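# Architecture and fold: a report
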Amino acid sequence: MVVLALALCTKAGRSLVSRQYVGMSRMRIEGILAAFPKLISNDAEGSKSRQHTFVETDTVRYVYQPIESLYLLVVTTKGSNIIQDLETLRLISKVLPDYCQPISEEAVSEHVFELVFAFDEVIT
């Protein structure tokens, strides 16, 4: 499994916390995260009925889960195993309420460092 990044974003696409796990430039990761809201807006109807969803581009796969007013996002390579990616997403979604209750922008901002450490624990 090659996780490029984990992120927690608003429905509008603003990244609240992001953690990269491979070496890439800041411009590239910002571009990847900025493209996400545009990709899911094309698939808006289908995403409301599914618990876990994913969208692919030519180079990366976005595996995401809506959580209240936010999106939990795992960015992987297209060659990554989708089952492992979904399991990673599931583990992170279980850990998230331990640090942020309720899950909101304010709670995420207050517990950003704990969330980054929790992301690291799930990935390693």
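Residues numbered from 1 in each chain as written. Predicted model: local features only at pLDDT ≥ 70, side-chain atom pairs only at ≥ 80, totals over all residues. Heavy atoms only, no water.

### Regarding the overall build of the chain
Counted only if it meets this: In DSSP terms, a helix is any run of H or I states spanning at least four residues, a strand is any run of E spanning at least two, and both are numbered starting from the N terminus. Exposure classes here rest on a 1.4 Å probe applied to the protein chains alone. A residue is buried below 20% of its type maximum, exposed above 50%, and partly exposed in between.
Along its length, the chain carries 5 helices and 5 strands. Secondary structure elements of the chain occur, N-terminal to C-terminal, as β-β-α-α-β-β-β-α-α-α. Seen through its C-alpha atoms, the chain measures out along the principal axes to roughly 35 × 35 × 30 Å. Relative to its full complement of 124 residues, the chain shows a buried share of 41%.

### Some details on the pattern of salt bridges
Pairing of side chains with opposite charge becomes possible as their charged atoms draw close. Note the following rule: Any carboxyl oxygen of Asp or Glu within 4 Å of a side-chain nitrogen of Lys or Arg constitutes a salt bridge here.
One pass over the structure, following the stated rule, counts 6 salt bridges. The salt bridge partner of Arg 61 is Glu 56, with a shortest N-O separation of 2.9 Å. Since its relative accessible area comes to 7%, Arg 61 is described here as buried. By sharing partners, the salt bridges in this structure join Glu 56, Arg 61 and Asp 85 into a single network.

### Let's talk about the nonpolar core
The condition is simple: We define the nonpolar core as a collection of buried residues of types Ala, Val, Leu, Ile, Met, Phe, Trp, Tyr and Cys that are connected through side-chain atoms lying within 4.5 Å of one another.
Ranked by size, the top nonpolar core spans 20 residues in total, and within it Leu 8, Val 17, Val 108 and Leu 115 carry the most contacts. Mapped by element, the contributors of at least two residues to this core are strand S1 (3–10), strand S2 (15–20), strand S4 (60–67), strand S5 (70–77), helix H3 (82–99), helix H4 (105–110) and helix H5 (112–123). Among the nonpolar cores identified, the runner-up in size contains 16 residues, and Ile 32, Leu 33, Ile 40 and Tyr 64 belong to it.

### Some remarks on the confidence of the model for the chain
For clarity, the threshold we go by: pLDDT expresses how confident the predictor is about each individual residue, on a scale running from 0 to 100.
Of the residues in the chain, 90% have a pLDDT of 70 or more, and the chain-wide mean is 85. Mean pLDDT across the secondary structure elements of the chain bottoms out at helix H2 (residues 44–49), with 53, and peaks at S5, with 92.

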